[in-house]
Number of protein chains: 2
Amino acid sequence: MGTVVPVTRPDEPLSRAQRRAQTAERILSAARALFTESGYDRTTIRAVAAEAGVDPALVMQHFGTKDELFRRAITVSSEEAMGGGEEKLVELLLGILGVKLGEVSGTSLALLRSMLTYPEAAEQVRAANTRQLEQISGAIGGDDAELRAALTVSTLLGITIGRHLLGLDQLRTAGTDHIAEVMKPCLEALTGRQPPP
Amino acid sequence: MGTVVPVTRPDEPLSRAQRRAQTAERILSAARALFTESGYDRTTIRAVAAEAGVDPALVMQHFGTKDELFRRAITVSSEEAMGGGEEKLVELLLGILGVKLGEVSGTSLALLRSMLTYPEAAEQVRAANTRQLEQISGAIGGDDAELRAALTVSTLLGITIGRHLLGLDQLRTAGTDHIAEVMKPCLEALTGRQPPP
DNA sequence: GTCTATAAGCAGATAGAC
DNA sequence: GTCTATCTGCTTATAGAC
């Protein structure tokens, strides 16, 4: 169906299609780094091209528009998509906390950096949060479940922002385990059923 | 010392200086609204002028640069500056929570909207957070005080973002009191002394 | 004192040379 | 197939007419 690339030069190590795919990947990687650092508006096609060591026109050739470049840069292959399983409450939360505090995939940070000023990024973050929220809400149960889930997600979001995007010293220098340990009772209080007044 | 404005026209209700100050205030108000809505980069001098019903050149005449306009727009008169007193821990926290969840002064939201993409805004937010953090840290005491305080501030920040800037439904529709009620045990767990293992 | 007109620069996107 | 050169539009900021 036209996907087969005939090898015209057996001594050439990589086909043109392969080289092209490699270049696209390098551009995406550069774009991810710059979007993470400066956000959507302040990241220029020219800067991405320079970072990737290619011509600006080549970036347009590959992705058409800056918008599409961003979309591709913040789209995960299919793996993470926020710890997908059916785990149980606290483990789920600490999992999210671990993921968000640990490496925090480059795609996530690139997305979060622009969420307050680039409407499409905001929409994606809302969607991701809604998915997390439904998982947590279902695990909590009760009247306040949705509110509690929303507060939990927002709390984790705030810590991620403080640590990775704002760079608050006390959060940058603390270890992941330490933070998780301190946050655990807090998250339990937030997700546990409230005692009767 | 030249500050006295002689009244040349007794029948004129306002002096020129007064009218000028009024116009400046209207420009600042318009700027605050647009900075809050769209952030620093996407807010143009032209749009601010249009919103205030004045000429773009007049905005420059008053504030010189866009940078200075932003600085003036997010500078509070002197009052709030984050509930300044010497209150006691939980009350302090709920106070901050109340302030952040309630009206959240326009200046604060304008500042928060740009904190991830406009370096000067980020610096201001870090500074404000540090002040809060020191208050809370002092009230907590103990080894983890600073970390706990940082996590507390980040938590409140996350909720403010989710509610007012991202517009998460579950947080927008919930009442301030309800949120405070649900968050109280969580904040107590975060700021209370940890039980010995 | 206020606004028209314009300068100067940079963005994303396009067309055509090689 | 890749890059040079350019187009078009929009920004902040300035200079000068009224």
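Everything below is about the structure printed above this text.
Figured I'd write up the structure that's included with this text. (Residues numbered from 1 in each chain as written. Chains lettered and ligands numbered in written order. Predicted model: local features only at pLDDT ≥ 70, side-chain atom pairs only at ≥ 80, totals over all residues. Heavy atoms only, no water.)

1. Digging into the environment of His178 of chain A
Secondary-structure assignment places His178 of chain A in helix 10 (residues 176-191). Distance in space between the C-alpha atoms of His178 of chain A and Glu123 of chain A is 32 Å, their sequence separation being 55 residues. Setting aside residues no more than four positions away along its own chain, His178 of chain A makes contact with Asp144 and Leu147 of chain B. (Helix = DSSP H or I, 4+ residues; strand = E, 2+ residues; numbered from the N terminus. Contact = heavy atoms within 4.5 Å.)

2. Things to note about the protein's contact with DNA strand D
All residues in the neighbourhood of DNA strand D are listed as Arg16, Arg20, Asp55 and Ala57 of chain A together with Thr43, Thr44, Ile45, Arg46, Met60, Thr65 and Lys66 of chain B. Counted by atom, the contact set of DNA strand D within 4 Å of the protein is 71% sugar and phosphate. In this structure, Ile45 of chain B approaches DNA strand D through a main-chain N or O atom, which is 3.2 Å from a phosphate oxygen. In this structure, a phosphate oxygen belonging to DNA strand D sits 3.0 Å away from a main-chain N or O atom of Lys66 of chain B. In terms of residue class, the surface near DNA strand D is made up of three nonpolar, three polar and five charged. (Near = heavy atom within 4 Å. Polar contact = N/O pair within 3.5 Å; in protein donor to acceptor, adjacent residues only side chain to side chain. Nonpolar A, V, L, I, M, F, W, Y, C, P; charged D, E, K, R; others polar.)

3. Some words on the relation of the copies chain B and chain A
Note on the copies: chain B fits chain A at an RMSD of 0.0 Å, the axial shift is 0.0 Å, and the rotation between them is 180°. The transformation just described matches what one would write down for a two-fold rotation axis. Proximity to the rotation axis, assessed at the C-alpha, singles out Gly158 of chain B in chain B; its C-alpha lies 1.8 Å from the axis. Most of the interface of chain B is mirrored in chain A, where 100% of its interface residues are also at the interface. (Least-squares fit on C-alpha atoms with pLDDT ≥ 70 in both.)

4. Some thoughts on the interface of chain B and chain A
Listed by partner, the interface residues are 45 residues for chain B and 45 residues for chain A. Surface buried jointly by chain B and chain A totals about 3,800 Å² across both partners, of which 70% is contributed by carbon and sulfur atoms. When the buried surface of chain B facing chain A is broken down by residue, Arg42, Leu116 and Leu166 of chain B rank first, second and third, together holding 19% of it. One can count two salt bridges joining chain B with chain A. Across the pair Asp41 of chain A and Arg42 of chain B runs a salt bridge whose closest N-O atoms are separated by 2.5 Å. On the surface where chain B and chain A come into contact, there are eight residue pairs in polar contact (both at pLDDT 80 or more). The element that contributes the greatest number of residues to the side of chain B that touches chain A is helix 8 (residues 145-165) of chain B, accounting for 13 residues. (Buried area = accessible area lost by both parts, 1.4 Å probe. Salt bridge = Lys/Arg side-chain N within 4 Å of Asp/Glu carboxyl O.)

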